[in-house]
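# Topology and contacts: notes
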Amino acid sequence: MVMRRLVAATYELQSTETTKPVPFLTRKHIAPTNFEKMNVKRAKDIFSLKVIMALEYLKDHSQQIGAHEFCNAEATITFMKNIKKWFDIDDVNSSNTDMHKPEKIHFFNIDHKRLQWLVHHFPRYLAKIKDASEKEEKGFLSKETYQAILVTSSSTVECVRYLLQSGFQFVLTSAFNSDAIELFFSASRQMPGNNDMLDCRAVVCSLNRILKTAILSVPSTSNIESRSETNLIGMTRKNIYCAENSHSETVLLPQAVTDILLGVQKTPSLGYPTVEVASMAYIGGYIVSKVVKKINCHLCVNSISISKCSSILMDLIHKRDDCNKLNYPSNSLLWILKVIYEFVMKAVVAYVSSNVSASVSEVVTPILSEAPLLKCSHSGHSQTSSEIICESVIPLFLKNITLQTTERFERVKYLNTKSQNKKVLRV
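For the structure given in this document, a descriptive report is provided here. (Residues numbered from 1 in each chain as written. Predicted model: local features only at pLDDT ≥ 70, side-chain atom pairs only at ≥ 80, totals over all residues. Heavy atoms only, no water.)

Let's shift gears to the overall build of the protein. A count of helical and extended segments in the protein gives 18 helices and two strands. In the protein, of all internal contacts separated by at least 6 residues, the share reaching a separation of at least 24 is 66%. Roughly 25600 Å² of accessible area belongs to the protein as shown, and the carbon and sulfur atoms make up 56% of that amount. (Helix = DSSP H or I, 4+ residues; strand = E, 2+ residues; numbered from the N terminus. Contact = heavy atoms within 4.5 Å. Areas by Shrake-Rupley, 256 points an atom, 1.4 Å probe, with all protein chains shown as cover.)

To continue, consider the packing of helix 4 (residues 49–60) against helix 6 (residues 74–89). Contact pair helix 4 / helix 6: the axes reach a minimum separation of 10 Å and the direction vectors enclose 165°. Taken together, the axis directions place helix 4 and helix 6 in an arrangement best described as roughly antiparallel. The handedness of the crossing between helix 4 and helix 6 comes out as left-handed. Where helix 4 approaches helix 6, its residues Leu49, Val51, Ile52, Leu55, Glu56 and Lys59 are matched on the opposing element by Glu74, Ile77, Met80, Lys81 and Lys84. For the contact of helix 4 with helix 6, the class distribution of residues is six nonpolar, no polar and five charged. (Axes fitted to C-alpha atoms, helices over the stretch in contact; angles between N-to-C directions. Parallel < 35°, antiparallel > 145°, perpendicular 65-115°, else oblique. Left-handed = near helix turned anticlockwise from the far one by under 90°. Nonpolar A, V, L, I, M, F, W, Y, C, P; charged D, E, K, R; others polar.)

A word on the state of the cysteines. Overall, the coordinates contain zero disulfides when judged by the stated rule. With no disulfide of its own, Cys300 lies 3.5 Å from the sulfur of Cys376, the closest cysteine sulfur. The buried category is assigned to Cys300, whose relative accessible area is 4%. (Disulfide = S-S within 2.5 Å. Buried < 20%, exposed > 50% of the residue type's maximum accessible area, 1.4 Å probe, protein only.)

On to the nonpolar core, then. Counting residues in each nonpolar core, the largest one holds 48 residues, and the members touching the most others are Ile340, Phe343, Val364, Leu368, Ile389 and Val393. For this core, the secondary-structure elements that each account for two or more residues are helix 12 (275–294), helix 13 (298–304), helix 15 (331–347), helix 16 (356–369) and helix 17 (381–410). Here the element with the most residues in this core is helix 15; it accounts for 11 residues. Among all residues touching Ile340, those that are not within four sequence positions of it are Val364, Leu368, Ile389, Val393, Ile394 and Phe397. Counting 45 residues, the second-largest nonpolar core is a separate cluster that includes Ile52, Met53, Val92 and Trp117. (Core = buried A, V, L, I, M, F, W, Y, C linked by side-chain atoms within 4.5 Å.)

Attention now goes to helix 4. Spanning 12 residues, helix 4 covers 16 Å between terminal C-alpha atoms, matching the ideal 16 Å at 1.5 Å per step. All buried positions along helix 4 are accounted for by Val51, Ile52, Met53, Ala54, Leu55, Glu56, Tyr57 and Leu58. If you follow the buried residues of helix 4, they end up packed against helix 1 (5–14), helix 3 (40–46), helix 5 (62–65), helix 6, helix 12 and helix 14 (315–320). (Expected span 1.5 Å × (residues − 1).)

A cluster of nonpolar residues, Phe184, Val203 and Leu207, forms a patch on the protein surface that exposes about 210 Å² of accessible area. As for its position among the elements, Leu207 is in helix 10 (residues 200–213). Its relative accessible area of 34% is what places Leu207 among the partly exposed residues. (Patch = residues over 30% accessible without salt bridge, like charges linked within 9 Å, V, L, I, M, F, W, Y side chains within 5 Å. Salt bridge = Lys/Arg side-chain N within 4 Å of Asp/Glu carboxyl O.)

Attention now moves to unusual backbone geometry. Positioned with a positive phi, Glu137 is a non-glycine residue whose angle comes to about 55°. Classification of Glu137 by relative accessible area gives exposed; the value is 73%.

With that out of the way, let us pick up a positive patch on the surface. Judged by side-chain charge, Lys50, Lys101, Arg320 and Lys399 come together as a positively charged surface patch. Within the secondary structure, Arg320 is located in helix 14. (Lys, Arg positive; Asp, Glu negative; His and termini not counted. Charge placed at Lys NZ, Arg CZ, Asp CG, Glu CD.)

Our next topic: the pattern of salt bridges. Applying the stated rule across the entire model yields nine salt bridges. Among the salt bridges present, the one from Lys84 reaches Asp88, with a minimum N-O distance of 2.8 Å. Here Asp88 and Lys84 lie together in helix 6, a separation of four residues that amounts to about one turn. Lys375 is the partner of Glu370 in a salt bridge, and the nearest nitrogen-oxygen pair spans 3.1 Å.

Written out as C-alpha cells, the structure is:
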C-alpha cells in the first residue's frame, strides 16, 4: 500500500535534528497552502533521490532506530521511484550527460527503452494501483490528475518519435513546457489580491495591471527580442551591488564553548547510530571526495576514509553508490564533524554579524589543523584539509540551524487581529 504519511513521518522524525537526511524537506512540502501547492519544485522535491534514499534507510533499519511505521514502506518507495523516473524522462535537458546516468541521456532513438517504459509499463503500473485502491476502497489520484499523467506520457512519446522521424538528431524533453501559460495564470491570480477563484472582473483587472506594470516583460535570456529594458516590476535595470563586510567579527566566546573544540584531540565515540549521525556520514563522504580532488595525498585520504562499507552508519552512502565511485568517511572524521556541529550550535548565538561562517571558521580551522587525524608529513596538508572541512560543513550547519529555527517559529505564527479580507483567512 502506498502511504503518503511516510514522507510526513520522515519530516517529523528529523524535525528535531540539525543534520538531516533530507535537509530541504519543510512544512511547505508536507502541508502546503493553496498557493504553496502551485510550486512545482516542491512537488518534484518529494520524489527526489534523497527522499527515496531516506525512506529506504528508515525501512531497512526501522527496528534499530525505532521507526516501526517504515517497515511496510516498500510499496511507497516503488511508487516514488516510478514517479521520479517519469519526472526524469520529462526533464531531459542536456545532450552532454554522463553515461552512468542513463535516465538523463537525450533521446536519439524512436524505440528507446525509456519511451517503451513510458507508454507501456508506467500506465499499467498506475492502472494496477488504481484497481487495488478501488478494490480496497482506498484513495487514489483524482480523475483529472490520472488522465493528465496518461496524456502527458503518451504525448511526450509521440512528440519525441515525430521529431526524430522528421530529421532531428536528438530530442530534449525539458523543452516541452507550458511555462509561459503558467506564468500568466500565476500573475493573474496574484494581481487581484491572491484570489483563489478568479471571475471575469478579476481577470480584466489583472490584464490591466500586467499591461501597465510590464510585469511579464520578456527576459533577456529568452530567444525573443525584448522591446523594453524593464525588469519584472517595470523599473529600469540597474547594476545593484551590495558589498558585504569582508572582515569577520571578533567575538570572545565563553571558555566552555571553546573547550568543545578540544574534543578533536580525543578518541572517537559516536555512540549508538542515529539518523543524524548517518546524515553526517553522508556529508563526510562528500568531504573525502573534496580532499581527494584538491590534495590527492594518500596519507591524508587514508586517515579520513575507509573502504566501501554497508554498515548502518554508511547505508545512506551505500544506497547512492551505484557506480562504486563514492567515498566512505572514517569514524574519526565523523567524530570531528560531530565536535564541530556541537561547537557551532553553542557559538552561533554569540555572533551578530552577517559573515558568521567566516567568523566561526577562523576559530575552528587553527584548532582543527592540530588534530591528530589530520596530521601529515607534507607541509600545508593539515591546514588545507582543515579549510576544506570548515568550508564544507560550517555553512551547511548554519543553514540547517536557520531552517530549523524558521520551521519552529512558523508553527506559532498567527494573525494578531482578524483580517477584514476573507482572502487572507483562506490563504
